[in-house]
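# Structure at a glance
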Amino acid sequence: MDKSTEDLQSELTRARSFKDFCRQNSEELAYPAAMEYLRSLMESKNISRAELVAATNLERTYAYHILSGAKKPSRDRLIILAIAVRASIDEAQKLLKYAKERPLYVRDRRDSLIYYGIKHCKNLSDINDTLLENELAVLE
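First things first, this report covers the structure right here in the doc. (Residues numbered from 1 in each chain as written. Predicted model: local features only at pLDDT ≥ 70, side-chain atom pairs only at ≥ 80, totals over all residues. Heavy atoms only, no water.)

Listed in full, the buried residues belonging to helix α4 (residues 34–44) are Ala34, Met35, Tyr37, Leu38, Leu41 and Met42. In an axial view of α4, the angular spread of the buried residues amounts to 155°, which keeps them on one side of the axis. Exposed and oriented more than 90 degrees from the buried face of α4 are Glu43 and Ser44. Buried residues along α4 sit in contact with α5 (49–56), α6 (60–68), α7 (75–84) and α8 (89–98). (Buried < 20%, exposed > 50% of the residue type's maximum accessible area, 1.4 Å probe, protein only. Helix = DSSP H or I, 4+ residues; strand = E, 2+ residues; numbered from the N terminus. Arc of directions from axis to C-beta. Contact = heavy atoms within 4.5 Å.)

Pasting the structure below:
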């Protein structure tokens with residue numbers, strides 16, 4: 001993905017046909033699968049599957065099913081995985097985007113607390129405590 005969104009938009013506007021545009025930009029239009037991206041984060045941060053699963057507080061078998069692609073995680077579970085892999089905000093937002101889920105939105109009170117927790121490298125327990133203190137649903 002080397003082209004900016006603006007460059008792609010400009011090319012799309014000038015394209016003779018949508019088919020031509022897609023053919024010329026096929027690599028630019030494809031996102032990696034969310035779990036592939038998560039695995040690449042795990043590798044770059046040197047986090048094993050067992051360490052990640054332990055940090056999620058999810059049922060062990062279920063977490064492994066998510067990692068293998070056998071189960072599709074909910075938005076909250078994707079956020080939990082992002083926290084467990086110690087993702088940056090940009091990495092967490094990409095994980096949500098690649099899973100076709102809405103990004104964290106700071107105008108939403110719950111999302112803003114989660115955003116703050118990720119930005120300040122809080123663990124799942126700390127983020128859930130803050131959510132509880134503010135009478136918001138915890139991540140589970």
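Packing of α5 against α7 leaves a shortest axis separation of 9 Å and a crossing angle of 120°. By the angle between their axes, α5 is oblique relative to α7. Read as a crossing pair, α5 and α7 show a hand that is right-handed. Here Leu52, Ala55 and Thr56 of α5 lie close against α7, whose contacting residues are Ile80, Leu81 and Ala84. Of the residues in the contact of α5 with α7, the class split is five nonpolar, one polar and no charged. (Axes fitted to C-alpha atoms, helices over the stretch in contact; angles between N-to-C directions. Parallel < 35°, antiparallel > 145°, perpendicular 65-115°, else oblique. Left-handed = near helix turned anticlockwise from the far one by under 90°. Nonpolar A, V, L, I, M, F, W, Y, C, P; charged D, E, K, R; others polar.)

In this fold, lysine 3 is placed in the segment before α1 (5–14). Contact partners of lysine 3, with chain neighbours within four places excluded, come to Leu8, Glu11, Asn25 and Glu28. A polar contact of 3.0 Å, which involves the side chain of lysine 3, links it to the side chain of glutamate 11. (Polar contact = N/O pair within 3.5 Å; in protein donor to acceptor, adjacent residues only side chain to side chain.)

This part covers the nonpolar core. Formed by 37 residues in total, the largest nonpolar core has its most connected members in Leu38, Leu52, Ile79, Val85, Ile114, Ile118 and Leu139. Counting only elements with at least two residues in this core, the list comes to α4, α5, α6, α7, α8, α9 (109–119) and α10 (124–133). Setting aside anything within four residues of it in sequence, one finds valine 85 in contact with Leu38, Leu41, Met42, Lys45, Ile47 and Leu52. (Core = buried A, V, L, I, M, F, W, Y, C linked by side-chain atoms within 4.5 Å.)

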